[in-house]
Amino acid sequence: MELIRIPRIMKDTSIGHLLHGRSIGFVPTMGALHEGHLSLVRRSKGENDITVVSIFINPLQFGPKEDFNEYPRDTEGDMVKLKGADADILFMPDVSLIYPDKFLTYVEVQNLSEKLCGVIRPGHFSGVTTIVAKLLNIVKPTRAYFGQKDFQQAIIIKKMVKDLDMGLEVVVCPTIREHDGLAMSSRNSYLNGEERKAASVINRCLNQTTELIKSGIINHDQIKGFMEKKLSEEPLVTEIQYASVYDPDTLEELEIIDKEALLAVAVRVGKTRLIDNILITPVRHLRPLTG
Ligand code: PAF
């Protein structure tokens, strides 16, 4: 595995591969790699000639009171995992080379960025789209890979790529889960033993809500009420930031589930903020239950 730290060298290396007709798959990460990231690397390996992984903890996407300083860092462990997954290039730039003094340009996908996590983390998605746009310009991938766990991030990036004619394919891959259903996340390492057990309530809530919808309950208020009740039954859930059913294209809340729907949740378990979601495919011939 080649380690590149300088954006200009990364760019020249990519251009060289593209000139030789090789496709480039790209997996952007903030490190503290887990099976979720490695599944993206494997997918990229299967679909491209060269796979580039970046590790960059992007200060721009953390709010002033968020966990930038505490965010888990494990460069050595990450490199072992990436070699094991046979990644070709690790791009790990220094912050000063990505955001030099007098950096003034931000990329913003309006509307989608202000919903769900955007309400709780203002400015977060502008930080994400700015760094992802920069990384895409440097790495010049044929395809870029993102996990469905960050569904909102994935659709915002898709929109940016389309709107700005960036000319690559954005591939959204399934969420990888622990044995009890908890979505893998670098932030799971913040949870103590009790909190870790309690966190499985999120996936249970999503699965039980799916069953409820399949049974014929397709009315927004009933579904939202059910989700909030399930989550609040767990004493270590200290805050429900959102839990509802959304249109996966617009992220507007759905009144009636008569088309593909996104069930999405953001909660705090103890002090740790966790998100998860599930896509439900349309169930035909369902009518709202009355009475
Ligand atoms: O999902 C992440 O890890 C980050 O938001 C990303 C896409 C690497 C941008 O910093």
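Residues numbered from 1 in each chain as written. Predicted model: local features only at pLDDT ≥ 70, side-chain atom pairs only at ≥ 80, totals over all residues. Heavy atoms only, no water.

Asks: When you look at the pairing of strand β6 (residues 169–173) in this model, what are you seeing that I'm missing?
Replies: In the case of a regular strand, side chains alternate between the two sheet surfaces. Relative to β6, strand β5 (residues 143–147) is paired through five bridges, and the arrangement is parallel. Within β6, the position partnered with A144 by the bridge is V170. With helix α7 (residues 151–163) bridging β5 and its parallel neighbour β6, the resulting β-α-β unit is right-handed. (Pairing = 2+ DSSP bridges. Helix = DSSP H or I, 4+ residues; strand = E, 2+ residues; numbered from the N terminus. Right-handed = clockwise from strand over helix to strand, strands pointing away.)

Asks: Looking at this model, I keep getting lost on the packing of aromatic side chains. Mind explaining?
Replies: Aromatic ring pairs are reported here in terms of the distance separating the ring centres and the angle at which the planes meet. A full pass over the atoms with the stated rule returns six aromatic pairs. Note on F62 and F68: the rings are 5.4 Å apart at their centroids and 70° apart in plane angle, and the pair reads as edge-to-face. Residue F62 is classed as buried on the basis of its relative accessible area, which comes to 10%. Ring centres 5.8 Å apart and planes at 75° place the aromatic pair F62 and Y71 in the edge-to-face group. Members of the aromatic cluster, joined through ring pairs, are F56, Y99, F103 and Y106. A cation over a ring is seen here: R73 above F68, with NZ or CZ 5.2 Å from the ring centre. (Phe/Tyr/Trp six-rings, centres within 6.5 Å; stacked < 30°, edge-to-face > 60°. Buried < 20%, exposed > 50% of the residue type's maximum accessible area, 1.4 Å probe, protein only. Lys NZ or Arg CZ within 6 Å of the ring centre and 35° of its normal.)

Asks: Before we go on, may I ask you to explain the site of the ligand in this structure?
Replies: Around the ligand, a shell composed of P28, T29, M30, N58, Q61, I131, V132 and Q153 is seen. One nitrogen or oxygen atom from the side chain of Q61 is found 2.6 Å from an oxygen atom belonging to the ligand. Taking Q153, its side chain carries an N or O atom lying 2.7 Å from an oxygen atom of the ligand. In the complex, the protein chains occlude 89% of the 290 Å² of accessible area that the ligand would expose alone. Those elements that place two or more of their residues in the shell around the ligand are β2 (24–29) and α6 (124–139). Across the shell around the ligand, the residue classes break down as four nonpolar, four polar and no charged. (Near = heavy atom within 4 Å. Polar contact = N/O pair within 3.5 Å; in protein donor to acceptor, adjacent residues only side chain to side chain. Areas by Shrake-Rupley, 256 points an atom, 1.4 Å probe, with all protein chains shown as cover. Nonpolar A, V, L, I, M, F, W, Y, C, P; charged D, E, K, R; others polar.)

Asks: What's the story with the pairing of β5 in this structure? I'm lost.
Replies: Sheet topology note: the β2/β5 ladder contains two bridges and is parallel. Each residue of the ladder has a partner; that of F26, found in β5, is A144.

Asks: Sorry, what's going on with the packing of helix α1 (residues 7–19) against α6 here?
Replies: The packing of two helices is summarised by the inter-axis angle and the distance between the axes. Running from amino to carboxyl end, α1 crosses α6 at an angle of 50°, the nearest separation of the two axes being 7 Å. Considering their axes alone, α1 and α6 lie oblique with respect to each other. Facing P7, M10, K11 and S14 of α1, the residues of α6 in contact are N137, I138 and V139. Of the residues belonging to the contact of α1 with α6, the class tally is four nonpolar, two polar and one charged. (Axes fitted to C-alpha atoms, helices over the stretch in contact; angles between N-to-C directions. Parallel < 35°, antiparallel > 145°, perpendicular 65-115°, else oblique. Contact = heavy atoms within 4.5 Å.)

Asks: Can you help me understand α1 in this one?
Replies: Residues three or four positions apart in an α-helix share a direction because the helix packs 3.6 residues into each turn. The end-to-end C-alpha separation of α1 is 18 Å, in line with the 18 Å expected for 13 residues at 1.5 Å each. Looking at α1, one finds that the buried residues are P7, M10, T13, S14 and H17. Relative to the axis of α1, the buried residues are bounded by an arc of 125° and lie together on one face. In α1, those exposed residues whose orientation departs by more than 90 degrees from the buried face are R8 and L19. Looking at the buried side of α1, the elements it contacts are β1 (2–4), β2, β3 (50–55), β4 (89–91), α4 (95–98) and α6. Of the residues flanking the end of α1, it is G21, one or two places downstream, whose phi is positive at about 80°. (Expected span 1.5 Å × (residues − 1). Arc of directions from axis to C-beta.)

Asks: Help me understand the sheet that holds β3, please; the structure alone is not making it clear to me.
Replies: Strands belonging to one sheet form pairs held by backbone hydrogen bonds; the direction of such a pair is parallel or antiparallel. Strands sit in the order β1-β4-β3-β2-β5-β6 across an open sheet of six strands; the sheet is parallel. The strands lining the two open edges of the sheet, one partner per strand, are β1 and β6. Within this sheet the neighbouring strands show an average axis-to-axis angle of 25°, counted without direction. As defined by bridge partners, β2 adjoins β3 across six bridges and the pair is classed as parallel. Bridged to P28 within β3 is S54. Seen against the sheet, α1 touches β1, β2, β3 and β4 and runs at an angle of roughly 145° to β4.

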